[in-house]
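Examination of the molecular architecture
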Amino acid sequence: MNGDPAKTANGDATTREWEAPLAPAEIRPVPHIQARFPPGPRSAWTEVSEGQWNDWHWQQRERITGLDQLEKVIRVTDEERRACVETGDQFHMGITPYYAALMDPEDPHCPVRLQSVPTMGELFASPADLEDPLAEDRDMPVPGITHRYPDRVLFYTTHNCPVYCRHCTRKRKVADPTSAAARKQVEDGLDYITLHREIRDVVISGGDPLSLSDDRLDYILGRLRAIPHVEIFRLGTRNVVTLPQRITDDLCRMLRKHQPVYVNTHFNHPKECTAEAFEAARKLADAGCVIGNQMVLLKGVNDDPKTVLELNHKLLMMRVRPYYIYQCDLAKGISHFRTPIETGRKIIRALRGHTSGLAVPYFVVDAPEGGGKIPVNPDYVVRHEGKKWVLRNYAGKEFTYYEP
Ligand SMILES: *Cc1c(COP(=O)(O)O)cnc(C)c1O
Ligand code: SF4
């Protein structure tokens, strides 16, 4: 298997084939569309050079991981201060300067802040909380693979992420260096996929797979591409949102050679739709990736129709298709984010028919005990008797359809 194109037969490093220049056909969005995506602010980093700011290695190195750094960016409340200390050994804090600069320094209810700065709610254990809310470990035939559906698997490749989301469902593993996917584990996962010919779709997840180097990712994708029964894979990554600088031309050239590649990202609020995020999505889309968004419904962040409508309109301009809205699951320490299921149904009702169907995702509950994703969209069938179907349209009017 040709996993390492950087080496010639005798092992010399040469130019990688994906480092060839991109075709000059650059797809530039029209200016008035781009103008709706202002660059993210610089906040405490006004002195930093353009080159450093746009360098993802710098962003990664300068991540906020402690209270003293955080105090320089926002006015930390007493509650946040306590939470930073008390949650420290359960779930690390990690925020890239780019994402931190999106936070409102004065408002503790800022949606970006709620997603990245610890709060005391995390220490509250609700009776409904589960250690492994989606039974991902139970459905693990080998470490690092969750095989729940007949034709596709989740494949964990790393446990690092540029920003540790406070609502993360994999809190128990993400950011824990002792559970990081070792090389051996990735090899075992690849072997499992090779042996199971029913697997045609691989969801590459983590953590965030873009925390891996281009070469490492190229190796994994190359191995997957060499398996004849694997038709597509998806990269589950939040880098587009939290570290858009990671989407470099090099990365995109590498992805191009493994097409078809699907990218599923995780925007939760229109505030995250900056010029930087727009550019990251543009590069991925121009490289042929089909991008979807998986939003998590979070109390105080996006639990109202207006916010979701604005987010989804922005995503469509970024060539990102809203794919799922997830009901917040039962992971430990995220009960303060949970909304009633009815909140999500209300949001879908406010979207369907009122705006482009493209802006209407599926609302799903990822059921506990490994039940998988179950759609809980509102129902438009009022009743049906024999061949008579009574349906309700988006405006609440009823219509009857008779089957031939
Ligand atoms: C979400 C998920 C998938 C992918 O599900 P789709 O509905 O196809 O997006 C696959 N495996 C597991 C274990 C999952 O949780
Ligand atoms: S990027 Fe995803 S895996 Fe990483 S902390 Fe956020 S939600 Fe969890």
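Residues numbered from 1 in each chain as written. Chains lettered and ligands numbered in written order. Predicted model: local features only at pLDDT ≥ 70, side-chain atom pairs only at ≥ 80, totals over all residues. Heavy atoms only, no water.

1. Quick notes on the overall build of the protein
Note the cut-off: Helix numbering and strand numbering both begin at the N terminus, where a helix is a DSSP run of H or I of at least 4 residues and a strand a DSSP run of E of at least 2. Restricting the calculation to C-alpha atoms gives the radius of gyration, and the globule rule supplies 2.2 Å times the number of residues raised to the power 0.38. In this scheme, a residue with accessible area under 20% of its type's maximum is buried, one over 50% is exposed, and one in between is partly exposed, where area comes from a 1.4 Å probe on protein chains only. By definition in these notes, contact holds between two residues if any of their heavy atoms fall within 4.5 Å. To measure how exposed things are, a 1.4 Å probe is used in the Shrake-Rupley method; for residues, cover is taken only from the protein chains shown. Asp and Glu are treated as the negative residues and Lys and Arg as the positive ones, with His and the ends of the chain left uncounted. Every charge is mapped to an atom, namely NZ of Lys, CZ of Arg, CG of Asp or CD of Glu.
Summing up its helical and strand segments, the protein has 14 helices and 12 strands in all. Taking 2.2 N^0.38 as the reference for a compact globule, 404 residues should give roughly 22 Å; the C-alpha atoms of the protein span a radius of gyration of 22 Å, in line with that estimate. Each principal axis of the C-alpha distribution contributes one length, and for the protein these read about 75 × 55 × 50 Å. Out of the 404 residues in the protein, the part that is buried amounts to 52%. Long-range pairs, those at least 24 residues apart, make up 74% of the contacts in the protein with a sequence separation of at least 6. Accessible area for the protein stands at about 18,700 Å²; split by element, carbon and sulfur atoms hold 55% of it. With 53 positive and 55 negative side-chain charges, the protein shows a separation of 5 Å between the mean positions of the two kinds.

2. Examining the domain arrangement of the protein
Stated precisely, the cut-off is as follows: Residue ranges assigned to each domain were obtained from an automatic or database domain assignment. Buried area: the accessible surface (1.4 Å probe) lost by two parts on joining, summed over both. When a carboxyl oxygen of Asp or Glu is within 4 Å of a side-chain nitrogen of Lys or Arg, the pair counts as a salt bridge. Polar contacts here mean pairs of N or O atoms no more than 3.5 Å apart (in protein, one a potential hydrogen donor and the other a potential acceptor; neighbouring residues in sequence count only if both atoms are side-chain atoms). Each residue receives one of three labels: charged for Asp, Glu, Lys and Arg, nonpolar for Ala, Val, Leu, Ile, Met, Phe, Trp, Tyr, Cys and Pro, and polar for the others, Gly being one of them.
Under the domain assignment, the protein is made up of domain 1 (34–121) and domain 2 (145–379). In this complex, domain 1 contributes 35 residues to the contact, which on the side of domain 2 involves 38 residues. Per-residue buried area on domain 1 facing domain 2 is highest for Phe37, Phe91 and Gln115; these three make up 28% of the total on that side. Where domain 1 packs against domain 2, one counts zero salt bridges. Counting across the domain 1 and domain 2 interface gives 17 residue pairs in polar contact (both at pLDDT 80 or more). Of all the secondary-structure elements, those providing two or more residues to the side of domain 1 that touches domain 2 are helix 3 (56–61), helix 6 (97–100) and helix 7 (111–116). For the side of domain 1 that touches domain 2, the leading source of residues is helix 7, giving five residues. Its residues assigned to classes, the side of domain 1 that touches domain 2 shows 18 nonpolar, 14 polar and three charged.

3. Here's the deal with the packing of aromatic side chains
So the rule is basically this: We call Phe, Tyr and Trp rings a pair once their centres come within 6.5 Å, taking the six-membered ring for Trp, and we label the pair stacked below 30 degrees between planes, edge-to-face above 60, and tilted otherwise. Here, a charge over a ring means that NZ of Lys or CZ of Arg falls within 6 Å of the ring centre while also lying within 35 degrees of the ring normal.
Throughout the structure, instances matching the rule amount to six aromatic pairs. Ring centres 5.9 Å apart and planes at 45 degrees place the aromatic pair tryptophan 45 and tryptophan 53 in the tilted group. Residues tryptophan 45 and tryptophan 53 agree in their burial class; the two are buried. Grouping aromatic residues by their ring pairs yields a cluster made of Trp45, Trp53 and Trp58. It is arginine 152 that lies over the ring of tyrosine 149; its NZ or CZ is 4.0 Å from the centre. Sitting above the plane of the tryptophan 56 ring, arginine 246 keeps its charged end 4.3 Å from the centroid.

4. Points about the nonpolar core
Cut-off, in case you're wondering: Among buried residues, the Ala, Val, Leu, Ile, Met, Phe, Trp, Tyr and Cys ones that are joined through side-chain atoms within 4.5 Å form a nonpolar core.
Core analysis: the biggest nonpolar cluster contains 79 residues, and Leu70, Ile95, Ile193, Val202 and Met318 have the highest contact counts within it. Per-element tally for this core: the top contributor is helix 12 (residues 275–286), with six residues. For isoleucine 193, the residues in contact, after removing those within four places along its chain, are Ile145, Val153, Phe155, Ile199, Val202, Leu224, Ile227, His229 and Val230.

5. Side note on helix 5 (residues 78–87)
Put simply, the rule reads: Think of it as the arc spanned by the lines of direction from the helix axis to the C-beta atoms.
Among all positions in helix 5, only Glu80, Ala83, Cys84 and Thr87 are buried. All buried residues of helix 5 fall inside an arc of 105 degrees around its axis, so they share one side. Exposed and oriented more than 90 degrees from the buried face of helix 5 are Asp78 and Val85. Residues of helix 5 that are buried sit in contact with helix 4 (67–71) and helix 7.

6. Topic: the site of ligand 2
Heads up, the condition is: Whether a residue is near a molecule or strand is decided by its heavy atoms; if any one of them lies within 4 Å of it, the residue is near. Of the grid points, spaced at 1 Å and generated over the protein atoms alone, those admitting a 1.4 Å probe that cannot get out make up cavities, while open sets with protein on both sides within 12 Å along at least five of seven lines make up pockets; any residue with an atom within 4 Å of a point is treated as lining. In this description, a molecule resides in a pocket or cavity if more than half of its atoms sit within 2 Å of the grid points defining it.
Close to ligand 2 lie Cys161, Val163, Tyr164, Cys165, Cys168, Val174, Gly207 and Arg238. Judged by the fraction of its atoms near the pocket grid, ligand 2 is located in the largest pocket. Its residues assigned to classes, the shell around ligand 2 shows six nonpolar, one polar and one charged.

7. Brief notes about the pattern of salt bridges
One pass over the structure, following the stated rule, counts 32 salt bridges. Residues arginine 246 and aspartate 214 are paired through a salt bridge, measuring 2.7 Å at the closest nitrogen-oxygen approach. With arginine 246 in the loop between helix 10 (239–242) and helix 11 (249–256) and aspartate 214 in helix 9 (residues 214–225), this pair connects stretches of sequence that are 32 residues apart. Both residues of the pair, arginine 246 and aspartate 214, belong to the buried class. For lysine 257, the salt bridge is made with aspartate 218, and the minimal N-O distance between the two is 3.1 Å. Here the residue lysine 257 occupies a position in the loop between helix 11 and strand 5 (261–265), and aspartate 218 occupies one in helix 9, the gap between them amounting to 39 residues. Look at the salt bridges and you will find they share partners, linking Asp151, Arg152, Arg200 and Glu231 into a network.

8. Section: the packing of helix 13 (residues 305–317) against helix 14 (residues 341–351)
The line we're drawing: Axis angles are defined between N-to-C directions and span 0 to 180 degrees, where every axis is a line fitted to C-alpha atoms and, for a helix, only to the segment in contact. These descriptions rest on fixed angle ranges, namely under 35 degrees for roughly parallel, over 145 for roughly antiparallel, 65 to 115 for roughly perpendicular, and the rest for oblique. The handedness criterion is simple: a crossing whose near helix is rotated anticlockwise from the far helix by less than a right angle is left-handed, and one whose near helix is rotated clockwise is right-handed.
The N-to-C vectors of helix 13 and helix 14 enclose an angle of 55 degrees; their axes lie 9 Å apart at closest approach. Classed by the angle they form, the pair helix 13 and helix 14 counts as oblique. Here the hand of the crossing between helix 13 and helix 14 comes out right-handed. Along its contact with helix 13, which presents Pro305, Val308, Leu309 and Asn312, the element helix 14 presents Ile347, Ala350 and Leu351.

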